[in-house]
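Structure at a glance
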Amino acid sequence: MVGAAGGSLMLELQTQVSLQALNSFGFNSVAERYIELTQPAQLPALIDYCQEQVLPCLILGGGSNLVLSARVPGVVARVRLRGIEVVSRSQQTVRVRVAAGESWHETVSWLLDQGFYGLENLALIPGTVGASPVQNIGAYGVELKDRVTAVHVYDTLQSQFTQLTPSECQFSYRDSLFKSVDPGRYIITAVEFELFLNSDHLVLNYQALQETCATIAGSQVVTPRHLFDAVCQLRRSKLPDPVRLGNAGSFFKNPHVSAAKFQALKQTFSNLVAYPEGEGYKLAAGWLIEACGWKGKHFEQVGVYDRQSLVLVNHGGGDRIQIESLAVQIQDSVYNAFGVRLEPEPRYYP
Ligand code: FAD
Ligand code: NAP
């Protein structure tokens, strides 16, 4: 443990800390310096310290969307800010503020127990609430941006706490201000959501979800609880549990192509899976990868999951170099077959 003076606060930094249990790939990665953030007041001190020492700082949540190198230089700051509070309530809706270090899934589950509805489609996504705006998490037809009213941040450029409106966050498909426009500038301390107090707003566009909900509900009208259970059931049946098989969920984003490109592909590949989006189409990246023969393939200690080709896995002892090499091979083969370049979804660090 080393004590570092950052502004007026003493920061307790540990050195040479293993991150193996703190990243969902389970990579054997070591942080040069490590700190747990339990109160927002630590942030100005931490950022001052990093700026004075010219050290990079990785803000870590649950480590479920990261591809870490064996050595992580500078400081790793794990966000452990806790707390959920109701900010306001109307007849139809409730506004809730959740601290960044809360578990995403436990928050969704707790909100459902209170009768606060609207996040059920996003159940069982690993990680923290603070990371949820970073890639505007989405699943089964709902995105974070559909429910967010404000994001509380520490702005490292202006050295001040502030809050951003949803439009300032520039949310888009698996992306935001925090991920690609101004990465590293803002540290998210809390997120505010507007949720429904009645159950008339269920989103059931995805066929598999509709079917599973119908099975669970039986002769009853589908409720938010049925929806939550259906999402959990579907995800448990299709996705590897990172505790047993390291992974970061979908490794690539679904590519967006023009209508003309979609028509040309559809003529050659009649069973291509795609969905209209805006003026063009969203292609199912998992289908493209599977069509190139990657499903279930092993490469050194890593590989492509045998039940969902969009998920790359660590079979044990794999590392960033192997995953990156596999990802590049997949990108190249998909490009050669379809003329579409897949973009990785998790962040490589450093
Ligand atoms: P981390 O991996 O710790 O960090 C991710 C990024 O956010 C990093 O750049 C980090 O620096 C930054 N960050 C983290 N916390 C903060 C903060 N407080 N302030 C500023 N920056 C921060 N994603 C989906 O969108 N939909 C899914 O359905 C989905 N399913 C998944 C299923 C599995 C099995 C797995 C392993 C992953 C899945 N993911 C999914 C990806 C991942 O869970 C999400 O992106 C999640 O929001 C990442 O949270 P985290 O706390 O683990 O973030
Ligand atoms: P799925 O239901 O088998 O669908 C395959 C793909 O088709 C998905 O990528 C989805 O796009 C798209 N899709 C299916 N039905 C659609 C509809 N009615 N309208 C628009 N697009 C549709 O996918 P899955 O692998 O089992 O995953 C289920 C959900 O969980 C998806 O929303 C997926 O994004 C999410 N998920 C995300 C991650 C991650 O790490 N990002 C990991 C696991 C699961 P979308 O991906 O755009 O929804």
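Above this note sits the structure.
Before going into details, it helps to say that this report is about the structure given with it. (Residues numbered from 1 in each chain as written. Chains lettered and ligands numbered in written order. Predicted model: local features only at pLDDT ≥ 70, side-chain atom pairs only at ≥ 80, totals over all residues. Heavy atoms only, no water.)

**Digging into the pattern of salt bridges**
Scanning the entire structure with this criterion turns up 18 salt bridges. Between Arg 97 and Glu 85 there is a salt bridge; the shortest N-O distance is 3.3 Å. Linking Arg 97 in strand β8 (residues 93-99) with Glu 85 in strand β7 (residues 84-89), this pair joins segments that are twelve residues apart in sequence. By relative accessible area, Arg 97 is classed as partly exposed at 26%. Of the charged contacts, one joins Glu 290 and Lys 295 as a salt bridge, the two residues approaching to 3.5 Å between their closest N and O atoms. A residue is classified by how much of its surface remains accessible, and Lys 295, at 36% relative accessible area, is partly exposed. A network of salt bridges, in which partner residues are shared, links Glu 36, Arg 78 and Arg 80. (Salt bridge = Lys/Arg side-chain N within 4 Å of Asp/Glu carboxyl O. Helix = DSSP H or I, 4+ residues; strand = E, 2+ residues; numbered from the N terminus. Buried < 20%, exposed > 50% of the residue type's maximum accessible area, 1.4 Å probe, protein only.)

**Quick look at the environment of Phe 25**
If you trace the backbone, Phe 25 turns up in the loop between β2 (9-18) and β3 (30-37). Residue classification places Phe 25 among the buried residues on the basis of a relative accessible area of 1%. Contact partners of Phe 25, with chain neighbours within four places excluded, come to Leu 66, Val 67, Gly 246, Asn 247, Ala 248, Phe 251, Leu 312, Val 313, Asn 314 and Ile 323. (Contact = heavy atoms within 4.5 Å.)

**Let's talk about the site of ligand 1**
Taken together, 33 residues sit near ligand 1, with Ile 59, Gly 62, Ser 64, Thr 128 and Arg 235 positioned nearest. Between Gly 138 and ligand 1, the recorded distance is 2.8 Å, taken from a backbone N or O atom to a nitrogen atom. Contact distances for ligand 1 include 2.9 Å between a nitrogen atom and a backbone N or O atom of Ile 188. Considering ligand 1 on its own, with 980 Å² of exposed area, one finds that the protein chains cover 94% of that surface. Contributing elements (two or more residues each) for the shell around ligand 1: β4 (57-60), β9 (138-139), β13 (186-196) and β14 (246-250). Looking at side-chain class alone, the shell around ligand 1 contains 17 nonpolar, 13 polar and three charged residues. (Near = heavy atom within 4 Å. Polar contact = N/O pair within 3.5 Å; in protein donor to acceptor, adjacent residues only side chain to side chain. Areas by Shrake-Rupley, 256 points an atom, 1.4 Å probe, with all protein chains shown as cover. Nonpolar A, V, L, I, M, F, W, Y, C, P; charged D, E, K, R; others polar.)

**Overview of the packing of aromatic side chains**
Under the defined criterion, the tally for this structure stands at eleven aromatic pairs. Plain terms: the ring middles of Trp 104 and Phe 193 are 5.9 Å apart, the flat faces sit at 65° to each other, and that makes the pair edge-to-face. Residue Trp 104 is found in helix α2 (residues 104-114), and its partner Phe 193 is found in strand β13; the two are separated by 89 residues along the sequence. The pair Trp 104 / Phe 193 is uniform in exposure class, with both members buried. Counting every residue linked through ring pairs, the aromatic cluster contains Phe 25, Phe 27, Phe 251, Phe 252 and Tyr 348. We note Arg 225 situated over the ring of Phe 228; from NZ or CZ to the ring centre the distance is 5.8 Å. Here the guanidinium or amino end of Arg 341 rests over the ring plane of Tyr 335, the centre of that ring lying 4.8 Å away. (Phe/Tyr/Trp six-rings, centres within 6.5 Å; stacked < 30°, edge-to-face > 60°. Lys NZ or Arg CZ within 6 Å of the ring centre and 35° of its normal.)

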